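Letter by letter, the chains look like this.
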Amino acid sequence: MGISIYPDGQLGQWFVDQKRPAFRHRTHRYHQGQLGTEFFLETSADTSVSYMTAQSPAVRPGDYIEIASPDGPLKFQVDEIEYYSDPADMWMAQLYPLTA
């Protein structure tokens, strides 16, 4: 049996990094046909900020929202999000449009 020596605690940091799950921004997909029933989207006049209300769990700041439409997908990134207290998985988010 051999012993490996890692200077400066390299093994310890490697071990910690292996146990720490990496947070990845998720993409949440919607279809324009669901507008008004599954989600609501409000865009501002200058289209630099939009607001979306929906009911689905696990949406976080930094996540992406993609809405399929006949003219092509609309893509946004969640900037801020507030969850309602009842139902707990309903939220309203501030979105910024992404360019293709």
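Residues numbered from 1 in each chain as written. Predicted model: local features only at pLDDT ≥ 70, side-chain atom pairs only at ≥ 80, totals over all residues. Heavy atoms only, no water.

Draft legend 1. The arrangement of the sheet that holds strand β2 (residues 39-43) in detail. Pairing in this open sheet of six strands is mixed, and the strands run β1-β4-β5-β6-β3-β2 from one edge to the other. Where the open sheet ends on each side, the last strands, each with one partner, are β1 (27-31) and β2. Put simply, the sheet's adjacent strands are angled 30 degrees from each other on average, direction ignored. In terms of strand pairing, strand β5 (residues 74-83) meets strand β6 (residues 90-97) through seven bridges, oriented antiparallel. Within β6, the residue paired with I81 across the bridge is A93. (Pairing = 2+ DSSP bridges. Helix = DSSP H or I, 4+ residues; strand = E, 2+ residues; numbered from the N terminus. Axes fitted to C-alpha atoms, helices over the stretch in contact; angles between N-to-C directions.)

Draft legend 2. Structural view of unusual backbone geometry. In this structure, the amide linkage connecting D86 to the following residue, P87, adopts the cis form with an omega of 0 degrees. Within the secondary structure, P87 sits in the loop between β5 and β6.

Draft legend 3. Structural view of the pattern of salt bridges. Throughout the structure, instances matching the rule amount to one salt bridge. Between R29 and E66 there is a salt bridge, with the nearest N and O atoms lying 3.7 Å from each other. One end of the pair, R29, is in strand β1; the other, E66, is in strand β4 (residues 64-68), and 37 residues separate them in sequence. A relative accessible area of 58% means that R29 is categorised as exposed. (Salt bridge = Lys/Arg side-chain N within 4 Å of Asp/Glu carboxyl O. Buried < 20%, exposed > 50% of the residue type's maximum accessible area, 1.4 Å probe, protein only.)

Draft legend 4. Looking closely at the side chain of S50. Counting through the fold element by element, S50 comes out in strand β3 (residues 50-55). Excluding its chain neighbours within four sequence positions, the residues that come into contact with S50 are L41, E42, T43, F76, A93, Q94 and L95. (Contact = heavy atoms within 4.5 Å.)

Draft legend 5. Examining a nonpolar patch on the surface more closely. On the surface, Y51, Y84 and M92 cluster together into a nonpolar patch covering about 280 Å² of accessible area. Along the polypeptide, M92 turns up in strand β6. (Patch = residues over 30% accessible without salt bridge, like charges linked within 9 Å, V, L, I, M, F, W, Y side chains within 5 Å. Areas by Shrake-Rupley, 256 points an atom, 1.4 Å probe, with all protein chains shown as cover.)

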